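An overview of the molecular structure
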There are 2 protein chains.
Amino acid sequence: MNNAIINNMEITTVNESKINSVDFESIAFGREFTDHMFSCDFKDGKWQTPKITPYQPLTLDPSARVFHYGQAVFEGMKAFKDDMDDVWLFRPEDNFNRINISAKRLAIPEFPKEYFLNGLSALIDLERDWIKKGEGNALYIRPFVIATEPAISASPANEFKFMIICSPVKSYYKGKVSVVFAQDYSRSANGGVGFAKAAGNYAAQFYPTSLVQKEGYQQIIWTDANTHEYLEEAGTMNIFFRVNDTLLTAPTSDRILDGITRKSIIQLAKDNNVAVEVRPVSVKEIKEAAKNGSLKEIFGSGTAAAVSPISDFKHGEETFKLEEQEDSYATFFKKKLTDIQYNRTEDKHAWRVKVEK
Amino acid sequence: MNNAIINNMEITTVNESKINSVDFESIAFGREFTDHMFSCDFKDGKWQTPKITPYQPLTLDPSARVFHYGQAVFEGMKAFKDDMDDVWLFRPEDNFNRINISAKRLAIPEFPKEYFLNGLSALIDLERDWIKKGEGNALYIRPFVIATEPAISASPANEFKFMIICSPVKSYYKGKVSVVFAQDYSRSANGGVGFAKAAGNYAAQFYPTSLVQKEGYQQIIWTDANTHEYLEEAGTMNIFFRVNDTLLTAPTSDRILDGITRKSIIQLAKDNNVAVEVRPVSVKEIKEAAKNGSLKEIFGSGTAAAVSPISDFKHGEETFKLEEQEDSYATFFKKKLTDIQYNRTEDKHAWRVKVEK
Ligand SMILES: Cc1ncc(COP(=O)(O)O)c(C=O)c1O
Ligand SMILES: Cc1ncc(COP(=O)(O)O)c(C=O)c1O
């Protein structure tokens, strides 16, 4: 192992990479991790010296608060490799800002920006060989914070661990997605934590999602918890509806995650003269649009899949199928977005950030 | 260490107890743990052999799902020692049933009843010296389940760990509690996980609670997320209102935890000819009752404090103070309940369960 202190970070690297033991062709999402990880402890009222170390297990007391009270938040981002072997991040400061927005709502101390950005670059630089070229290939990056303090009173922890782990991923393409519009279960309420990437938001969706999966659907599009009349977002994606040539998407709120892919698509739509309406979208109008033929497409947006076309949806006992579109917006925006991410095109909003060697 | 296999459980005990290093007089809630813990892993589709081992840290991969998606549930219960040194649990099967209700909602496999009850008795039997006699002293027992599978796709885990850890506690009495009726933040929604002891429900309350604490209040009484017009429960307690000589408490629902203390108090009220109404309780009626003098008491009910009297409350800019009552229901029900728990009285509903030697 090699040790160094760089940018106030303690860096310990592995002697030998495990990369040759990984079959990149048949990799499953989020099950293989790279050689190193970033971690930083919060203790005595402050974030301590950040570290990069070999990827290794954590040792925690059974009373660590994360196990009992779900005091944990996370982010999801990706690094891409271009044809010249340069590595790029996509809007990383937005992920940094968002993890601190999530942290605040979960009573977790905010993480310093330079620790995050320096740690991220140093870690991704170390792992560049794990990033393969080619459409769909990427390094999925998972920053997260957990409450480590060993105490089970129901109050915020005083000790935390911030970490970044990385997992090589292939194209997420799994065929089209069929969805159910939620009518009974709900994901988040006004005044709740739906806008945060809070750990507990995700486990809460597993059971309702398993029920629709038994019926052959993959995901739920959540509706507002009060009336179930307005379409909000999916489990890990924001949602766009194309009615004739206009894109509709719900406004962000304290119930809906402010997705980075969503806001990039809204911007790209403006750049490309596609009309976008950011406003409450009702189940009723989408069903009517499906019936009268004006509903052309539905697609999800998120870091994992970029853009994920939806082929059909169910609401109550009614099912609806969406026709393939020749001029698909899903395809159009996926290409616009990934062209920027893989450095195949101009990047006029400066979303791409190079990982320096 | 001593090893044995009893009731299909592997039991390894410590050579020497750490009990003498514990200052029982100045113990803080949930920071000291006993010598042993119970654990059982779910793997390959089934719960494996349960174990009792020395209390020790857990080693988990940084990708364990509990850290990312909050897939975790827990319970809270107590063991009490009577004057003859016998140890008693209170309605333990209700905690068992409830952890499985919580588990189901969080897509966690249900735990077998005999594993739970045998494990619990064997563990508490080993730790009897940690339970001190005398009002308020007890062993707080924390069963919990966490998703341990190392994989960060947003889907339910296939590997879990069920554990029981124990913490000696003193009387919870900390003076009266002052509360704020929630108006902006919310705890749970219809179709959500509020009725479950899901880890994420608790972290979600920390930040709003810290805001009221800055104003000198201790807790929030949550209202319904839709309208904030109905009073539901506190962070770790159900809530009772005494208007004249009638007790009011909200009905359980998918937003409210079905508290064991709450239902015991409802039963004790019936046994003692105290009128109870289980129905939605509006903020408006409680404020009016406070103004016209018919609101005599508010108290919380829960395992930690049994009964916790509330001295004053705030709603918006209005504050209300509750007078001391000579014939306090809070005091009456606390005594009725703890008399049963500490084996000082008849137990006609068979709530008490002796821990056999
Ligand atoms: C609930 C939720 N909505 C939407 C998204 C999409 O957000 P982004 O585009 O930033 O990945 C995610 C994934 O991060 C999510 O977890
Ligand atoms: C949200 C919530 N409500 C109420 C209670 C009280 O329930 P019990 O009386 O079973 O302890 C608890 C504690 O368990 C709780 O966490």
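The structure displayed is predicted, hence computed values, not measured ones. (Residues numbered from 1 in each chain as written. Chains lettered and ligands numbered in written order. Predicted model: local features only at pLDDT ≥ 70, side-chain atom pairs only at ≥ 80, totals over all residues. Heavy atoms only, no water.)

A word on the domain arrangement of chain A
All names here are of chain A. Domain boundaries assigned for chain A yield domain 1 (2–169) and domain 2 (177–341). On a C-alpha basis, the centres of domain 1 and domain 2 stand 28 Å from each other. Contact residues are listed per partner, giving 21 residues for domain 1 and 21 residues for domain 2. Each partner contributes to the roughly 1,800 Å² buried at the junction of domain 1 and domain 2, and carbon and sulfur atoms together form 63% of this total. Where domain 1 touches domain 2, the interface holds one salt bridge. In this structure, the salt-bridge partner of aspartate 94 is lysine 263, at a minimum N-O distance of 3.3 Å. For the side of domain 1 that touches domain 2, the elements supplying multiple residues, two or more each, are strand 7 (72–74), strand 8 (77–81), strand 9 (87–90) and helix 2 (92–105). The leading source of residues in the side of domain 1 that touches domain 2 is helix 2, at six residues. (Domains from an automatic or database assignment. Contact = heavy atoms within 4.5 Å. Buried area = accessible area lost by both parts, 1.4 Å probe. Salt bridge = Lys/Arg side-chain N within 4 Å of Asp/Glu carboxyl O. Helix = DSSP H or I, 4+ residues; strand = E, 2+ residues; numbered from the N terminus.)

Considerations on the pattern of salt bridges
All names here are of chain A. The tally for this structure, following the rule as stated, stands at 50 salt bridges over all chains. A salt bridge links aspartate 41 to lysine 161; its shortest N-O distance comes to 2.9 Å. Of this pair, aspartate 41 sits in strand 3 (residues 36–43) while lysine 161 sits in strand 11 (residues 160–169), and the two are 120 residues apart along the sequence. Since its relative accessible area comes to 29%, aspartate 41 is described here as partly exposed. (Buried < 20%, exposed > 50% of the residue type's maximum accessible area, 1.4 Å probe, protein only.)

Notes on the interface of chain A and chain B
With 60 residues of chain A at the contact, the number on the chain B side is 60 residues. Carbon and sulfur atoms supply 64% of the area that chain A and chain B bury against each other, a total of about 4,900 Å² over both sides. Where chain A packs against chain B, one counts two salt bridges. In this structure, Arg31(A) and Glu149(B) form a salt bridge, with 3.3 Å as the shortest nitrogen-oxygen distance. Mapped onto the side of chain A that touches chain B, the elements with two or more residues apiece are strand 6 (58–60), helix 1 (65–69), strand 7, helix 2, strand 10 (138–147), strand 11 and helix 4 (199–214) of chain A. Per-element tally for the side of chain A that touches chain B: the top contributor is helix 4 of chain A, with eight residues. Residue classes in the side of chain A that touches chain B are distributed as 36 nonpolar, 16 polar and eight charged. (Nonpolar A, V, L, I, M, F, W, Y, C, P; charged D, E, K, R; others polar.)

Some remarks on empty space enclosed by the protein
All chains considered together, the criterion is met by three cavities of 30 Å³ or more. Approximately 330 Å³ is the volume found for the largest cavity. Along its surface, the largest cavity is lined by 28 residues, and Val193(A), Asn201(A), Arg187(B), Val193(B) and Asn201(B) are the ones closest to its centre. Counting residues per element, the ones that place at least two in the lining of the largest cavity are helix 4 of chain A together with helix 4 (199–214) of chain B. A class-by-class count of the residues in the lining of the largest cavity yields twelve nonpolar, 14 polar and two charged. When its volume is computed, the second largest cavity comes out at roughly 50 Å³. What lines the second largest cavity is Phe24(B), Ile27(B), Trp130(B), Lys132(B), Asn137(B), Ala138(B), Pro168(B), Val169(B) and Lys170(B). A per-class count over the lining of the second largest cavity returns six nonpolar, one polar and two charged. (1 Å grid on protein atoms, 1.4 Å probe; cavity = no way out; pocket = protein on both sides within 12 Å on 5 of 7 lines; lining within 4 Å. Points joined across faces, edges and corners; volume = space filled by probe spheres on them.)

Section: the side chain of Lys314(B)
Residue and element names in this part refer to chain B. By the secondary structure assignment, lysine 314 is in strand 20 (residues 306–315). Classification of lysine 314 as buried rests on a relative accessible area of 11%. Excluding residues within four positions of it along the chain, lysine 314 makes contact with Val179, Val180, Phe181, Glu215, Tyr217 and Thr319.

Digging into the state of the cysteines
Residue and element names in this part refer to chain A. Going through the model one piece at a time under the given rule, you end up with zero disulfides over all chains. The thiol of cysteine 40 is not disulfide-bonded; the next cysteine sulfur, from cysteine 166, is found 16 Å away. The exposure class of cysteine 40 is buried, given its relative accessible area of 1%. (Disulfide = S-S within 2.5 Å.)

Some points on the relation of the copies chain A and chain B
At an RMSD of 0.0 Å, chain A and chain B line up after a rotation of 180 degrees and a shift of 0.0 Å along the axis. One copy is carried onto the other by what is essentially a two-fold rotation axis. Comparing interface residues between copies, 100% of those in chain A also lie at the interface in chain B; the contact surface is shared. (Least-squares fit on C-alpha atoms with pLDDT ≥ 70 in both.)

Some points on the site of ligand 1
Residues and elements named next belong to chain A. Close to ligand 1 lie 16 residues, the nearest being Lys197, Tyr202, Glu233, Thr261 and Thr303. Separating an oxygen atom of ligand 1 from a side-chain N or O atom of tyrosine 202 is a distance of 2.5 Å. Threonine 303 places a polar side-chain atom, nitrogen or oxygen, 2.6 Å from an oxygen atom of ligand 1. When ligand 1 is considered free in solution it has 380 Å² of accessible area, and contact with the protein chains removes 97% of it. Looking at the shell around ligand 1, the elements with two or more residues in it are helix 5 (260–271) and strand 19 (295–302). Here the residues of the shell around ligand 1 are counted per class, giving four nonpolar, eight polar and four charged. (Near = heavy atom within 4 Å. Polar contact = N/O pair within 3.5 Å; in protein donor to acceptor, adjacent residues only side chain to side chain. Areas by Shrake-Rupley, 256 points an atom, 1.4 Å probe, with all protein chains shown as cover.)

Description of the UniProt feature "modified residue: N6-(pyridoxal phosphate)lysine" (unreviewed entry) in chain A
Residues and elements named next belong to chain A. Under the UniProt annotation, "modified residue: N6-(pyridoxal phosphate)lysine" (unreviewed entry) lies at Lys197. The residue lysine 197 is located in the loop between strand 12 (177–181) and helix 4 in this model. We classify lysine 197 as buried; its relative accessible area is 11%. Apart from residues lying up to four places away in sequence, lysine 197 is in contact with Ala72, Val73, Phe74, Glu75, Gly76, Arg98, Ser102, Tyr202 and Leu257. (UniProt positions renumbered as here; feature names shortened; annotations may be inferred.)

Topic: the nonpolar core
Among soluble globular proteins, nonpolar side chains are generally buried collectively. Counting 174 residues, the largest nonpolar core has Phe67(A), Ile124(A), Phe162(A), Phe67(B), Ile124(B) and Phe162(B) as the members making the most contacts within it. With residues up to four places along the chain from it excluded, the contact list for Ile124(A) reads Ala79(A), Val87(A), Ile131(A), Leu139(A), Ile141(A), Cys166(A) and Val355(A). (Core = buried A, V, L, I, M, F, W, Y, C linked by side-chain atoms within 4.5 Å.)

Comments concerning the site of ligand 2
Residues and elements named next belong to chain B. Not every one of the 16 residues close to ligand 2 is listed here, only the nearest: Lys197, Tyr202, Glu233, Thr261 and Thr303. With respect to ligand 2, the side chain of tyrosine 202 contributes an N or O atom lying 2.5 Å from an oxygen atom. Within the contact set of ligand 2, an oxygen atom lies 2.5 Å away from a side-chain nitrogen or oxygen of threonine 261. A total of 390 Å² of accessible area belongs to ligand 2 in isolation, and the protein chains cover 97% of it. Secondary structure elements with two or more residues in the shell around ligand 2: helix 5 (260–271) and strand 19 (295–302).

As for the packing of aromatic side chains
All names here are of chain B. What the rule picks out here adds up to 51 aromatic pairs over all chains. Arranged with centres 4.9 Å apart and planes meeting at 65 degrees, the rings of phenylalanine 80 and tyrosine 342 form a pair that is edge-to-face. Taken together, the positions of phenylalanine 80 in strand 8 (residues 77–81) and tyrosine 342 in the loop between helix 7 (329–341) and strand 22 (352–354) put the pair 262 residues apart, joining distant regions of the chain. Here the aromatic rings of phenylalanine 116 and phenylalanine 162 are separated by 6.1 Å at their centres, their planes lie at 85 degrees, and the arrangement is edge-to-face. Of the two residues, phenylalanine 116 is situated in helix 3 (residues 113–126) and phenylalanine 162 in strand 11 (residues 160–169); the sequence distance between them amounts to 46 residues. (Phe/Tyr/Trp six-rings, centres within 6.5 Å; stacked < 30°, edge-to-face > 60°.)

Structural notes on the pairing of strand 20 (residues 306–315) of chain A
Residue and element names in this part refer to chain A. Of all ten residues that make up strand 20, nine are buried, and the element is covered over most of its length. Sheet analysis places strand 19 next to strand 20, joined by five bridges and oriented antiparallel. Residue pairing across strands places glycine 302 opposite alanine 306, the latter belonging to strand 20. Where strand 19 hands over to strand 20, the hairpin turn is made up of three residues, counted between the paired strands. Sheet topology places strand 20 next to strand 21 (residues 318–321); four bridges connect them, and they run antiparallel. (Pairing = 2+ DSSP bridges.)

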